[in-house]
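Residue-level structural notes
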Amino acid sequence: MKKTKPSTAAISSAETIAHNQDLLTQILIRIPPKPLFKLKSVSKRWLSLISTIQFCHSHSLYRQNQGFLTPTALFLGIGNYYRLPFGLPVLPFNPETQVPVLDFIVDPQFKILQSCNGLLLGQCYYKSDEGLRYFICNPSTHKFRIISFPVSQLGSLRAVNLAHDPIKSPYYKIICVRKLLSPSNRFVIYIYSSKSDAWDASWISFQANEYIRFDYAVFCNGVIHWNSNGRKSLRFDVENKVLKKIPMLAPMFQAPEESEDEDSRYFGESRGHLHLGVTYMPLCLKFNVFEMAADYSHWFLKYCLELDDAMKIFPDLRSSSIENYYGFPVLSVIRSEGEESKVVILVDYKAICYELKDGILLKVYDLKQYPETLNRCPLNYIGIQSFQYFETLAWV
């Protein structure tokens with residue numbers, strides 16, 4: 001078969017596009033992250049363009065406007081254990097999703113602390129003589145960075161949090177919470193900016209009760225929210241450096257009538273909404289998902305889920321769970337623009353995706369392929385945290 005040579009006009013058009021920076025950018029930002037990585041090898045010019053922080057920001061903006069900037073998988077943190085890169089459980093929402101292995105992290109063992117719009121905040125033993133170290137990484141781009149703390153910071157380290165909104169800025173901020181020795185309820189906040197690559201010279205001092213979980217942070221709409229075991233918690237407006245109180249749910253608020261106590265709580269966000277997922281005891285095939293009001297005045301019941309009918313397609317899960325009393329903790333709430341929102345729950349060592357529109361259960365992952373971790377402690381004691389994975393070019 002005779003090959004047809006491209007016409008002179010086609011060659012001319014291609015050369016025009018290739019040499020027009022603005023036009024080339026508009027074409028490349030429409031390409032998903034993984035194919036873009038391969039296109040870096042086309043030429044030095046393409047490599048230089050795709051590697052800039054401005055291009056990464058434009059790429060994120062385009063994907064958000066097209067509804068593509070959504071999590072495609074969950075990294076699962078089991079208990080308080082450090083993980084080997086190949087031993088970290090990953091839950092893809094689509095069987096075709098290829099989630100990267102975190103073997104590019106320079107330390108052989110680590111644990112994830114927070115996921116924030118494409119970036120992961122983690123903790124590791126970087127060197128044996130340096131103790132705990134913190135890092136930022138992007139699983140998609142395999143970029144990794146150790147966080148350095150100024151020696152001059154006051155108090156003992158309580159938590160490190162990450163604030164990153166790729167729609168507003170390609171840069172991120174790190175919030176360091178430290179507790180002063182005296183008085184006992186006094187804390188300070190230090191802020192690092194990746195834009196200036198420096199910590200602020202000043203700090204924010206405030207009072208707080210011990211029941212606030214500074215190590216359990218959720219970033220949503222420019223604000224760091226901290227979980228709490230009490231009736232009140234705090235939120236921190238990162239840009240304006242303002243702290244305010246937020247209410248937390250009273251125990252057993254709008255619980256099912258047959259419930260006697262709460263089993264577990266999930267605290268997270270999706271598409272700018274703050275969520276609390278609550279499961280109950282004794283073992284109940286019902287759980288509630290609450291959403292925070294826009295003015296932070298109260299929580300309201302967003303979803304009331306009953307799994308009795310849906311669980312009939314997995315009768316072995318129900319009988320096994322009741323016998324061993326594992327409960328049904330919520331791993332993640334994933335909102336969507338349409339009616340395809342879902343909740344990921346844990347049932348008898350299996351992560352189950354519950355489609356909110358049709359009330360369908362779909363088994364998506366079996367945690368028993370990690371026996372070396374699960375054998376250390378029963379699942380209902382070790383607990384599981386989930387960290388959303390976004391495929392982005394987020395800058396590290």
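The shown structure was predicted, so the numbers you read here are calculated from the model rather than taken from an experiment. (Residues numbered from 1 in each chain as written. Predicted model: local features only at pLDDT ≥ 70, side-chain atom pairs only at ≥ 80, totals over all residues. Heavy atoms only, no water.)

Turning next to the packing of aromatic side chains. Across all of its chains, the model carries 13 aromatic pairs by this definition. Ring geometry for Phe75 against Tyr389: centres 5.8 Å apart, planes inclined by 75 degrees, an arrangement best described as edge-to-face. With a gap of 314 residues between them, Phe75 in strand 1 (residues 73-78) and Tyr389 in strand 24 (residues 384-389) connect regions that are remote in the sequence. Plain terms: the ring middles of Phe135 and Phe144 are 5.2 Å apart, the flat faces sit at 35 degrees to each other, and that makes the pair tilted. Phe144 gets classed as partly exposed once you look at its relative accessible area, which sits at 23%. (Phe/Tyr/Trp six-rings, centres within 6.5 Å; stacked < 30°, edge-to-face > 60°. Helix = DSSP H or I, 4+ residues; strand = E, 2+ residues; numbered from the N terminus. Buried < 20%, exposed > 50% of the residue type's maximum accessible area, 1.4 Å probe, protein only.)

Take the UniProt feature "domain: F-box" (unreviewed entry) in the protein next. Here, the residues flagged by UniProt with the feature "domain: F-box" (unreviewed entry) are residues 22-56. In residues 22-56, helix accounts for 71% and strand for 0%; the two terminal C-alpha atoms are 14 Å from one another. (UniProt positions renumbered as here; feature names shortened; annotations may be inferred.)

Moving on: the sheet that holds strand 14 (residues 232-237). In spatial order, the strands read 12-13-14-15; together these four strands make up an open sheet with antiparallel pairing. The two strands at the open ends of the sheet, each matched to only one other strand, are strand 12 (212-220) and strand 15 (242-247). On average, adjacent strands in this sheet sit at an angle of 30 degrees to one another, irrespective of strand direction. Relative to strand 14, strand 13 (residues 223-228) runs antiparallel, the two sharing three bridges. Residue pairing across strands places Ile224 opposite Phe236, the latter belonging to strand 14. (Pairing = 2+ DSSP bridges. Axes fitted to C-alpha atoms, helices over the stretch in contact; angles between N-to-C directions.)

Here Ser182 and Pro183 are connected by a cis peptide whose omega angle stands at -5 degrees. Relative to the elements of secondary structure, Pro183 occurs in the loop between strand 8 (172-179) and strand 9 (186-193). Phi at Met252 takes a positive value of approximately 65 degrees, unusual for a residue other than glycine. Along the polypeptide, Met252 turns up in the loop between strand 15 and strand 16 (261-270). The backbone of Tyr296 shows a phi angle near 65 degrees, a positive value even though the residue is not glycine. Considering the arrangement of structural elements, one finds Tyr296 in the loop between strand 18 (286-292) and strand 19 (299-306).

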